[in-house]
2 protein chains.
Amino acid sequence: MAHRGDKTACTLHDRWEAGAEPDYSDCSAAYHFLGTRWNLQIISALLNGYTRFTEIAQLLNLNSRTLAERLKHLELEGIVIRQVRNPIPVRIAYGLTAKGQALREVLSEIQKWAVYADGPEAIEVIGKKNGGSCAERGILQIG
Amino acid sequence: MAHRGDKTACTLHDRWEAGAEPDYSDCSAAYHFLGTRWNLQIISALLNGYTRFTEIAQLLNLNSRTLAERLKHLELEGIVIRQVRNPIPVRIAYGLTAKGQALREVLSEIQKWAVYADGPEAIEVIGKKNGGSCAERGILQIG
DNA sequence: CCGCATCCAACAAGATACTG
DNA sequence: CAGTATCTTGTTGGATGCGG
């Protein structure tokens, strides 16, 4: 996942120097982070009160290796806290920092979008599996 | 179970029909989609008015193979439209459907979060506008 | 047992070259 | 310009195994 960094490198400064608009510049880091697989789901699980490693792994059907890796990243980002609750048997509780909890707004927006996206217009796709063609609906406007 | 090869035209509906549990929320499909690499950045670019293939590729430092793949996928999801503007020389304009534009709210929330997240903790980076070292603080893991 | 590290197969993304 | 073909590299995730 380090490919892009080599080229684009430090996004914030580079974009400023390049004269890019603040619109895009500030959040390429956030996009990259949120666009990393499982991060959204993990945060969602934590927001919903799940705190244990294996709980989350089972909930998301995620193997332990990847989960451990993601949690470590999230910890380094200051989004997740790791608390050792019990030494033996090992009991660890994961939770969100303030910065992590601030993502609740984002996740909430995503939920709203998901409902909208599944609701009005994505209804006739149900005949999947067979034809395989997924999108045939009339599409609307262009930016 | 393999969450791996989801790349093949796996739509939102495919996901929940495949047995994604609504346990933690009913939008795991949306999480999966938004959590797919490059999708957020591509949508952001489109929202910001970029319409051309090479434009987007350069903006994101993304190679053409992956960009083509992602755009095709986004088209199948009904989020992106591909319009042929000129046959020769080939001129194609990409844009967002209504469903895609509805993501503006989500991206906007992400921006807000990014500002907040960079604010209190990564002040040094934001403070200076001219060149120099990119990130002292570890928040921007980009890479 | 629980959390996590290590090894390894499978797949996704990058670089480059090439077509219309 | 907008892709496709192909080869190479990097990342992901399952199996396994270990320390506590």
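- By the naming in an unreviewed UniProt entry, chain A goes by Winged helix-turn-helix transcriptional regulator and is assigned to Paenibacillus oleatilyticus.

**Topic: the overall build of chain A**
Inference 1: Looking only at helices and strands, chain A has nine helices and two strands in total.
Inference 2: The N-to-C order of helical and strand elements in chain A reads α-α-α-α-α-α-α-β-β-α-α.
Inference 3: The buried share among the 143 residues of chain A stands at 45%.
Inference 4: Here the contacts in chain A between residues at least 6 apart in sequence split such that 39% fall between residues at least 24 apart.
Inference 5: Counting every atom, chain A has about 7,300 Å² of accessible surface; 51% of that belongs to carbon and sulfur.

**Let's talk about the packing of helix α3 (residues 39-47) of chain B against helix α4 (residues 53-60) of chain B**
All names here are of chain B.
Inference 1: Two elements in contact, α3 and α4, have axes whose closest approach is 10 Å; the angle formed by their N-to-C orientations is 125°. By the angle between their axes, α3 is oblique relative to α4. The element α3 and its partner α4 pack so that their crossing is right-handed. Mapping the contact onto sequence places Q41, I42, A45 and L46 in α3 and I56, L59 and L60 in α4.
Inference 2: Of the residues assigned to the contact of α3 with α4, the class counts are six nonpolar, one polar and no charged.

**A few points about the pairing of strand β2 (residues 91-96) of chain A**
Residue and element names in this part refer to chain A.
Inference 1: As paired strands, strand β1 (residues 80-86) and β2 are joined by six bridges and run antiparallel to one another. Considered in β2, the bridge of I81 is made with G95.
Inference 2: Turn length for the β1-β2 hairpin, with the two strands adjacent in sequence and antiparallel, is four residues.

**Here we look at the nonpolar core**
Inference 1: Of all hydrophobic cores here, the largest spans 64 residues; its most connected members are A:I42, A:I79, A:L103, B:I42, B:I79 and B:L103.
Inference 2: Setting aside residues no more than four positions away along its own chain, A:I79 makes contact with A:F33, A:I43, A:L74, A:G95, A:L96, A:T97, A:K99, A:G100, A:L103 and B:W113.

**Details of α3(B)**
Side chains of residues three or four places apart in an α-helix project in the same direction, reflecting 3.6 residues per turn.
All names here are of chain B.
Inference 1: Burial analysis of α3 places nine of its nine residues in the buried class, the great majority of the element.
Inference 2: Every buried residue belonging to α3 is among N39, L40, Q41, I42, I43, S44, A45, L46 and L47, and all of these are buried.
Inference 3: Backbone geometry just downstream of α3 places G49 in the positive-phi region, at approximately 100°.

**What to know about the confidence of the model for chain A**
Residue and element names in this part refer to chain A.
Inference 1: Looking at chain A as a whole, the pLDDT averages 72, with 64% of positions reaching at least 70.
Inference 2: Per-element confidence in chain A ranges from a low mean pLDDT of 34 for helix α1 (residues 3-8) to a high of 94 for helix α8 (residues 98-101).
Inference 3: In the predicted structure, residues 1-24 sits below a pLDDT of 50 and forms 59 contacts with residues beyond four places in sequence or in another chain.
Inference 4: Note that pLDDT drops below 50 for residues 122-143; the model gives that stretch 42 contacts with residues more than four away or on any other chain.

**Examining the packing of aromatic side chains**
Inference 1: Enumeration over the complete set of coordinates arrives at two aromatic pairs over all chains.
Inference 2: Aromatic pair A:F33 and B:W113: ring centres 6.0 Å apart, planes at 25°, arrangement stacked. Here A:F33, found in helix α4 (residues 28-34), pairs with B:W113, found in helix α7 (residues 104-121), and the two come from separate chains. Like B:W113, A:F33 is buried.

**Things to note about α4(B)**
Residues and elements named next belong to chain B.
Inference 1: Along α4, the residues that are buried comprise I56, A57, L59 and L60. For α4, the angular spread of the buried residues around the axis is 165°, confining them to a single face.
Inference 2: Count one or two residues on from α4 and you reach N61, which has phi positive near 60°.

**A look at the pattern of salt bridges**
All names here are of chain A.
Inference 1: Enumeration according to the criterion identifies six salt bridges over all chains in this entry.
Inference 2: We note a salt bridge from R65 to E69, for which the minimum N-O separation is 2.7 Å. Here E69 and R65 lie together in helix α7 (residues 64-76), a separation of four residues that amounts to about one turn.
Inference 3: Classification of R65 as exposed rests on a relative accessible area of 53%.
Inference 4: Exposure remark for E69: the relative accessible area of 33% places this residue in the partly exposed category.

**Considerations on unusual backbone geometry**
Backbone phi values are negative for most residues with the exception of glycine, while trans is the configuration of most peptide bonds.
Inference 1: Looking along the chain, the bond that leaves B:I88 and enters B:P89 is cis, with omega of -5°.
Inference 2: Among the structural elements, B:P89 can be located in the loop between β1 (80-86) and β2 (91-96).
Inference 3: For A:W38, which is not glycine, the phi dihedral falls at a positive 80°.
Inference 4: Considering the arrangement of structural elements, one finds A:W38 in the loop between α4 and α5 (39-47).
Inference 5: On the basis of relative accessible area, A:W38 is assigned to the buried category, the value being 13%.
Inference 6: Despite not being glycine, B:N61 has its phi angle at roughly 60°, a positive value.
Inference 7: Mapped onto the fold, B:N61 is located in the loop between α4 and α5 (64-76).
Inference 8: Taking relative accessible area as the criterion, B:N61 reaches 39% and is therefore assigned partly exposed.

Definitions and cut-offs
Residues numbered from 1 in each chain as written. Chains lettered and ligands numbered in written order. Predicted model: local features only at pLDDT ≥ 70, side-chain atom pairs only at ≥ 80, totals over all residues. Heavy atoms only, no water. Helix = DSSP H or I, 4+ residues; strand = E, 2+ residues; numbered from the N terminus. Buried < 20%, exposed > 50% of the residue type's maximum accessible area, 1.4 Å probe, protein only. Contact = heavy atoms within 4.5 Å. Areas by Shrake-Rupley, 256 points an atom, 1.4 Å probe, with all protein chains shown as cover. Axes fitted to C-alpha atoms, helices over the stretch in contact; angles between N-to-C directions. Parallel < 35°, antiparallel > 145°, perpendicular 65-115°, else oblique. Left-handed = near helix turned anticlockwise from the far one by under 90°. Nonpolar A, V, L, I, M, F, W, Y, C, P; charged D, E, K, R; others polar. Pairing = 2+ DSSP bridges. Core = buried A, V, L, I, M, F, W, Y, C linked by side-chain atoms within 4.5 Å. pLDDT = per-residue confidence, 0-100. Phe/Tyr/Trp six-rings, centres within 6.5 Å; stacked < 30°, edge-to-face > 60°. Arc of directions from axis to C-beta. Salt bridge = Lys/Arg side-chain N within 4 Å of Asp/Glu carboxyl O.

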